[in-house]
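# Tertiary structure, described
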Amino acid sequence: MHKDVQEPPRREIGASALILNDAGDVLLVESRGEDEMILPGGSAMQNEPPHMAMTRKVRDLTGLEVTPARLLVIDVYPGNLHGDEWESVNFVFYCGTVNFNDPHMTDAKIDHLWAERSKLTGHTLREQYRRIRQSLLILEQGNPIQYMLHGHRVDVRVDGAERPIS
């Protein structure tokens, strides 16, 4: 039997929500174990589709009931050679606009903030910033879903070869 079948790689599926307020600011929540903020969301449980994981995690973290309106980004992070970091596949869904003073946000179970787009770099990790920036560009320009690798845009050609785009 092939090694991958006997010992599949450890992978994590992550799903985040891009939620905006009336002013166009981005909702960020505290990141577990980090000083920076991230999009609300988290890991999927076994056999849980990413959009359902995102909805569950956003509700758990913020009290908001959101519905994914559009898939914006799929961002892949290969694990490292030492095996101490899992591979991950991260999905970003657009979930619409929330009233700036939504009563649920005052009862959020986690620290959160509405970040102005021009100040995102001061609140987020570099990879998270790139993922958010790409999601906003896709949303604003009506572009198709973007495939990313470590937070960098990647063109996938018909022949399957990858070419990073700066």
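Note on the protein chain: under the UniProt heading Cofactor (unreviewed entry), the record states "Mg(2+)".

## Observations regarding the nonpolar core
Counting 16 residues, the largest nonpolar core has Leu18, Val26 and Leu28 as its most contacted members. The set of elements that each furnish at least two residues to this core consists of strand E1 (11-21), strand E2 (26-30), strand E5 (70-77), strand E6 (87-98) and helix H4 (126-141). In this structure, valine 26 is in contact with Leu18, Ile19, Leu20, Leu39, Leu113, Trp114, Ala115, Arg117, Leu120, Ile132 and Leu136, ignoring residues within four places of it in sequence.

## Thoughts on the packing of aromatic side chains
Applying the stated criterion to the full structure yields one aromatic pair. Here phenylalanine 91 and phenylalanine 93 contribute two aromatic rings whose centre-to-centre distance is 6.4 Å and whose plane-to-plane angle is 15 degrees, an arrangement assigned as stacked. According to the relative accessible area criterion, phenylalanine 91 is buried, its value standing at 15%.

Scoring rules and cut-offs
- Residues numbered from 1 in each chain as written.
- Predicted model: local features only at pLDDT ≥ 70, side-chain atom pairs only at ≥ 80, totals over all residues.
- Heavy atoms only, no water.
- UniProt positions renumbered as here; feature names shortened; annotations may be inferred.
- Core = buried A, V, L, I, M, F, W, Y, C linked by side-chain atoms within 4.5 Å.
- Buried < 20%, exposed > 50% of the residue type's maximum accessible area, 1.4 Å probe, protein only.
- Helix = DSSP H or I, 4+ residues; strand = E, 2+ residues; numbered from the N terminus.
- Contact = heavy atoms within 4.5 Å.
- Phe/Tyr/Trp six-rings, centres within 6.5 Å; stacked < 30°, edge-to-face > 60°.

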